[in-house]
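A look at the structure
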There are 2 protein chains.
Amino acid sequence: MTTAPVRRASADDAGVVAQLLHDFNTEFDSETPGPAVLRERLTRLLAGPATFALLGGEPPAGLALVTLRPNVWYPGAVALLDELYVAPGSRGSGIGGAIVDRLVEECGESGVSAIEVNVDEGDVDALRFYDRHGFHLVQPDTGERAFYLSRELG
Amino acid sequence: MTTAPVRRASADDAGVVAQLLHDFNTEFDSETPGPAVLRERLTRLLAGPATFALLGGEPPAGLALVTLRPNVWYPGAVALLDELYVAPGSRGSGIGGAIVDRLVEECGESGVSAIEVNVDEGDVDALRFYDRHGFHLVQPDTGERAFYLSRELG
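What you see is a predicted model; the values in this text were computed from it and never measured. (Residues numbered from 1 in each chain as written. Chains lettered and ligands numbered in written order. Predicted model: local features only at pLDDT ≥ 70, side-chain atom pairs only at ≥ 80, totals over all residues.)

**Overview of the overall build of chain A**
When its secondary structure is counted, chain A shows four helices and six strands. For chain A, the N- to C-terminal ordering of α and β elements is β-α-α-β-β-β-α-β-α-β. The globule rule puts the C-alpha radius of gyration for 154 residues at 15 Å, and the 16 Å found for chain A is close to it. For the C-alpha atoms alone, the extent of chain A along its principal axes is close to 40 × 40 × 35 Å. The proportion of buried residues among the 154 residues of chain A is 42%. (Helix = DSSP H or I, 4+ residues; strand = E, 2+ residues; numbered from the N terminus. Rg over C-alpha atoms; globule rule 2.2 N^0.38 Å. Buried ≥ 20, exposed ≤ 12 C-beta atoms within 10 Å, placed from the backbone.)

**A short note on the interface of chain B and chain A**
With 48 residues of chain B in contact, the opposing surface of chain A contributes 48 residues. Mapped by element, the contributors of at least two residues to the side of chain B that touches chain A are α2 (35-45), β3 (62-69), α3 (95-109), β5 (114-120) and β6 (146-152) of chain B. Sheet topology note: the strand β6 (residues 146-152) of chain A/β5(B) ladder contains seven bridges and is antiparallel. Looking at β5(B), one finds that A:Ala146 is bridged to B:Asp120. (Contact = placed C-beta atoms within 7 Å. Pairing = 2+ DSSP bridges.)

**Observations concerning the environment of A:Ala98**
Residue and element names in this part refer to chain A. Within the secondary structure layout, Ala98 lies in helix α3 (residues 95-109). Residues Ala98 and Gly62, 36 residues apart in the sequence, show an inter-C-alpha distance of 9.6 Å. In contact with Ala98, not counting residues within four places along its chain, are Thr3, Ala4, Val6 and Gly56.

**Some details on the confidence of the model for chain A**
Interpretation of the predicted coordinates at a detailed level should be avoided for regions scoring low in pLDDT. In the predicted model, chain A carries a mean pLDDT of 96, and the fraction of residues at 70 or more is 99%. Interface predicted TM-score (ipTM) for the complex: 0.95; the corresponding pTM is 0.95. (pLDDT = per-residue confidence, 0-100.)

**A few points about the relation of the copies chain B and chain A**
If you rotate chain B by 180° and push it 0.0 Å along the axis, it lands on chain A with an RMSD of 0.0 Å. The transformation relating the two chain copies, once decomposed into turn and shift, fits a two-fold axis. In terms of C-alpha distance to the rotation axis, chain B has B:Phe147 as its closest residue, with the C-alpha 2.3 Å off the axis. Same-surface contact between copies: 100% of interface residues of chain B are shared with the interface of chain A. (Least-squares fit on C-alpha atoms with pLDDT ≥ 70 in both.)

**Digging into the nonpolar core**
Counting residues in hydrophobic clusters, the biggest one holds 94 residues, and the most contacted among them are A:Ala53, A:Ala64, A:Ala79, B:Ala53, B:Ala64 and B:Ala79. Dropping the residues within four chain positions of it, A:Ala79 is found in contact with A:Val66, A:Leu68, A:Cys107, A:Val112 and A:Ile115. (Core = buried A, V, L, I, M, F, W, Y, C linked by C-beta atoms within 7 Å.)

**A look at the pairing of β5(B)**
Two faces belong to every sheet, and in a regular strand the side chains alternate between them. Residues and elements named next belong to chain B. Where burial is concerned, the two faces of β5 differ: the one with Ile115, Val117 and Val119 is buried and the one with Ala114, Glu116, Asn118 and Asp120 is not. In terms of strand pairing, strand β4 (residues 78-86) meets β5 through three bridges, oriented parallel. Bridging across to β5, Ala79 finds its partner in Ile115. In this region the chain leaves β4, passes through α3 and returns to the parallel neighbour β5; the handedness of that crossover is right-handed. (Right-handed = clockwise from strand over helix to strand, strands pointing away.)

**Topic: the packing of helix α1 (residues 14-27) of chain A against helix α2 (residues 35-45) of chain A**
Residue and element names in this part refer to chain A. Contact geometry of α1 with α2 gives a least axis separation of 8 Å together with a crossing angle of 130°. In this view, α1 runs oblique relative to α2, as classed from their interaxial angle. The handedness of the crossing between α1 and α2 comes out as right-handed. Where α1 abuts α2, its residues Ala14, Gly15, Val17, Ala18, Gln19, Leu21 and His22 lie against Pro35, Leu38, Arg39, Leu42 and Thr43. For the contact of α1 with α2, the per-class residue count stands at seven nonpolar, four polar and one charged. (Axes fitted to C-alpha atoms, helices over the stretch in contact; angles between N-to-C directions. Parallel < 35°, antiparallel > 145°, perpendicular 65-115°, else oblique. Left-handed = near helix turned anticlockwise from the far one by under 90°. Nonpolar A, V, L, I, M, F, W, Y, C, P; charged D, E, K, R; others polar.)

**Some details on the sheet that holds β3(B)**
In space, the twelve strands of this open sheet follow the order β1(A)-β2(A)-β3(A)-β4(A)-β5(A)-β6(B)-β6(A)-β5(B)-β4(B)-β3(B)-β2(B)-β1(B), with mixed pairing throughout. Across the chains shown, the open sheet's two edge strands, defined by having one partner strand only, are β1 (6-8) of chain A together with β1 (6-8) of chain B. Taken pair by pair, the neighbouring strands of this sheet meet at an average axis angle of 30°, ignoring direction.

**Digging into the pairing of β6(A)**
Taken across its seven residues, β6(A) has five buried, putting it largely inside the fold. Sheet analysis places β6(A) next to β6(B), joined by three bridges and oriented antiparallel. Note that in β6(B) the partner of A:Ala146 across the bridge is B:Tyr148.

**Details of helix α1 (residues 14-27) of chain B**
Residues and elements named next belong to chain B. Given a rise of 1.5 Å per residue, 14 residues ought to cover 20 Å, and the 20 Å separating the end C-alpha atoms of α1 matches this to within 8%. Along α1, the residues that are buried comprise Ala14, Val17, Ala18, Leu20 and Leu21. One side of α1 carries all its buried residues, which in axial view fall inside an arc of 165°. On its buried side, α1 packs onto α2, β2 (51-56), β3 and β4. (Expected span 1.5 Å × (residues − 1). Arc of directions from axis to C-beta.)

**Remarks on unusual backbone geometry**
Residue and element names in this part refer to chain A. The step from Glu58 to Pro59 runs through a cis peptide bond, and the omega angle for that step is 5°. For Pro59, the position within the fold is in the loop between β2 (51-56) and β3 (62-69). Within the chain, Asp29 stands out as a residue other than glycine whose phi angle is a positive 55°.

Spelled out as structure tokens, the structure:
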């Protein structure tokens, strides 16, 4: 199996990133504001310092969307893998793994101290995938699992 | 019970915030780089746009440390409640609740779209506390719980 090409998205890629994110949420019956709104947001976000995206395959069929924030416990930033998506026709081709490998490499090179991801409890394939890529479900500092909780506003 | 006074920390409060965070991790046997390093980081972070802290009680005995990041699914930022700590002698006095109420209020006023927090699976008191404050363990969009996974780098 050849490794899928992975590249960093520029603000010019906002349209393709928006379409992949829209397809993602549509496939999994999650709300989406639509490709046009996503594209407008991504044009702004991808030009800024706190968001980046990786595209896998040519034409792109896989996407990682990542946000960065500071954290007092680490000298470097913490990266959150907000979304990882591979289009249905390209699954099983290694694109997702190639994207995560590149993410780890890029984060290491740019001084990021940790990468985080939130995974649904029932998504055993994703939990296994992230385990293979070195992401801990049982947190090393506490010896237990941690839940992600949220409250929407407004 | 009178409500504990809660105020937003300035960069000048970096020392007291650092001491509370150091006490937090020391109490729970987590690693800490020590008050001096934390203070230096906080002086920088609290002056920036992506980190803020709330202090409860006078003198301060409770702390919330919060980071902000963009998110493509929302028009506003997402706030992560990185740490919430109340010193042992001040627990049960309502400081933690007063801090979270103020956090929700401040986030609402400043256009934040969602607040998140990660909670250890075994910390039933914390899970109950956040439930009372409107934080969902079962995510509304998926109908299931989500785990927090992490990988440290370097």
